[in-house]
Amino acid sequence: MLKRFFALGAFVAVVLVGGRPALADAPASRAATLADVNRSAGKAVALGKRVLLRTTAGEIELVLFPKVAPRTVDQISRLVSSGFYDGTTFHRVIPGFVAQGGDPNSKTLPAGHPQIGTGDADRRIPDEHGNGLKHLPGSVAMAHSAMPNSASCQFYIAQNRLAFLDGGYTVFGHVVRGYDVVLKLAATEGPGARKTPDRMKRVVLK
């Protein structure tokens, strides 16, 4: 099974040089504001429920955007309510790029196992890429493989303005509290990488 991430050809071409992360920019020091989200989208984005991630690095709070990504938000809300994310890790953290997590395989397999990054939930969801939302620092979006409509449960938090991902991945939420915690999540790739990733101890809807 393909890794649940970006369409791999584009990802390698843009982000990797010689198999190593090539993003030179440091992570943005603060998350974009919700006003920034609206401005970049050219519209007022309706806010929905919030999701609280209690992680080994601290708490991260997200707001969901149900009007512009209804199927994605429904999937995330359903999985959160079932406890699906409890115990999963941020298995792919590249400082200055993204913190990705939510693979159920990461609950039981050792860090670095090749099957981590391939896990799904019980169903996949249609792409909602065309909702006009941009990848800003603090944006939350769905990871997927190179196949259309393959997003399921894994998501990532942008640590920078990632314009080259706009329109290719469904942005469905934004960090409203705890972006400093996002920046504390242990890097698992690139400089300073460590073998033990940070974990989502408990994830709840607010």
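See above for the structure.
Okay, so let's go over this structure. The numbering scheme is per chain: residues are counted from 1 as the chain's sequence reads. Note on the predicted model: pLDDT of at least 70 is required for a residue's local features to be given, and 80 or more for side-chain atom pairs to be given and counted; whole-chain, interface and lining totals, by contrast, use all residues. Side-chain measures here rest on the full set of heavy atoms in the structure, leaving out hydrogens and waters.

Here, any two strands with at least 2 DSSP bridges between them count as paired. Runs of H or I in DSSP of at least four residues are treated as helices and runs of E of at least two as strands, each being numbered from the N terminus. Taken together, eight strands build an open sheet; the order of strands is S5-S6-S8-S7-S9-S4-S3-S10 and the sheet is antiparallel. The two strands at the open ends of the sheet, each matched to only one other strand, are strand S5 (92–94) and strand S10 (200–205). Between one strand axis and the next, the sheet turns by 25° as a mean value, whatever way the strands run. Judged from the three bridges that link them, strand S7 (residues 139–142) and strand S8 (residues 155–158) form a sheet pairing that is antiparallel. Its bridge partner being in S8, Met142 is matched across the sheet by Phe155. Axis angles are defined between N-to-C directions and span 0 to 180 degrees, where every axis is a line fitted to C-alpha atoms and, for a helix, only to the segment in contact.

Another aspect to go through is the packing of aromatic side chains. Planes of paired rings set the category: under 30 degrees apart is stacked, over 60 is edge-to-face and the rest tilted, where pairs are Phe, Tyr or Trp rings (Trp by its six-membered ring) whose centres lie within 6.5 Å. Under the definition given, this model contains five aromatic pairs. For the pair Phe97 and Phe164, a centre-to-centre distance of 6.2 Å together with 10° between the ring planes defines the contact as stacked. A residue pair is termed long-range when its members are at least 10 positions apart, and Phe97 in the loop between S5 and strand S6 (98–101) and Phe164 in the loop between S8 and strand S9 (171–177) qualify at 67 residues. For Phe97, a relative accessible area of 0% puts it in the buried group. Ring geometry for Tyr156 against Tyr169: centres 6.4 Å apart, planes inclined by 75°, an arrangement best described as edge-to-face. Of this pair, Tyr156 sits in strand S8 while Tyr169 sits in the loop between S8 and S9, placing them 13 residues apart in sequence. You'll find Tyr156 and Tyr169 in the same group, each marked buried. Through a chain of ring-to-ring contacts, the aromatic side chains of Phe84, Tyr85, Phe90 and Phe155 assemble into a single cluster. Here, a charge over a ring means that NZ of Lys or CZ of Arg falls within 6 Å of the ring centre while also lying within 35 degrees of the ring normal. Over the ring of Phe84 we find Lys107; its NZ or CZ atom is 5.7 Å from the centre of that ring. Three exposure classes are used, based on accessible area relative to the maximum for each residue type with a 1.4 Å probe and protein chains only: buried under 20%, partly exposed in between, and exposed over 50%.

Along any regular strand the residues' side chains alternate between the sheet's two faces. Bridge count for strand S3 (residues 50–55) against strand S4 (residues 58–64) is six bridges, and the pairing is antiparallel. The residue of S4 that forms the bridge with Arg50 is Val63. Pairing between S3 and S10: five bridges, direction antiparallel. Counterpart to Leu52 in the pairing with S10 is Val204.

A word on the pattern of salt bridges. Any carboxyl oxygen of Asp or Glu within 4 Å of a side-chain nitrogen of Lys or Arg constitutes a salt bridge here. The tally for this structure, following the rule as stated, stands at 14 salt bridges. Lys206 serves as the salt-bridge partner of Glu61, at 3.3 Å between the closest nitrogen and oxygen. Here Glu61 is found in strand S4, whereas its partner Lys206 is found in the segment after S10, with 145 residues between them in sequence. For Glu61, a relative accessible area of 5% gives the class buried. Classification of Lys206 as exposed rests on a relative accessible area of 52%. Here Arg124 and Asp120 are joined by a salt bridge, their closest N and O atoms 3.0 Å apart. Put simply, Arg50, Arg54, Glu59, Glu61, Arg177 and Lys206 are held in one network by salt bridges that share partners.

What follows deals with the nonpolar core. Residue types Ala, Val, Leu, Ile, Met, Phe, Trp, Tyr and Cys, when buried and joined through side-chain atoms within 4.5 Å, form a set referred to as a nonpolar core. The biggest cluster of nonpolar side chains holds 33 residues, and the ones touching the most others in it are Leu53, Ile60, Tyr85, Phe90, Phe155, Phe172 and Val175. For this core, the element with the most residues is helix H3 (residues 70–82), which contributes four residues. By the convention used here, residues are in contact when the closest approach between their heavy atoms is within 4.5 Å. When sequence neighbours within four positions are dropped, the list of residues in contact with Phe90 reads Leu53, Thr55, Ala99, Gln100, Gly101, Phe155, Ile157, Leu185, Thr188, Pro197, Asp198 and Met200. Counting residues in each nonpolar core, the second largest holds 20 residues, with Phe65, Val68, Phe97 and Leu162 among its members.

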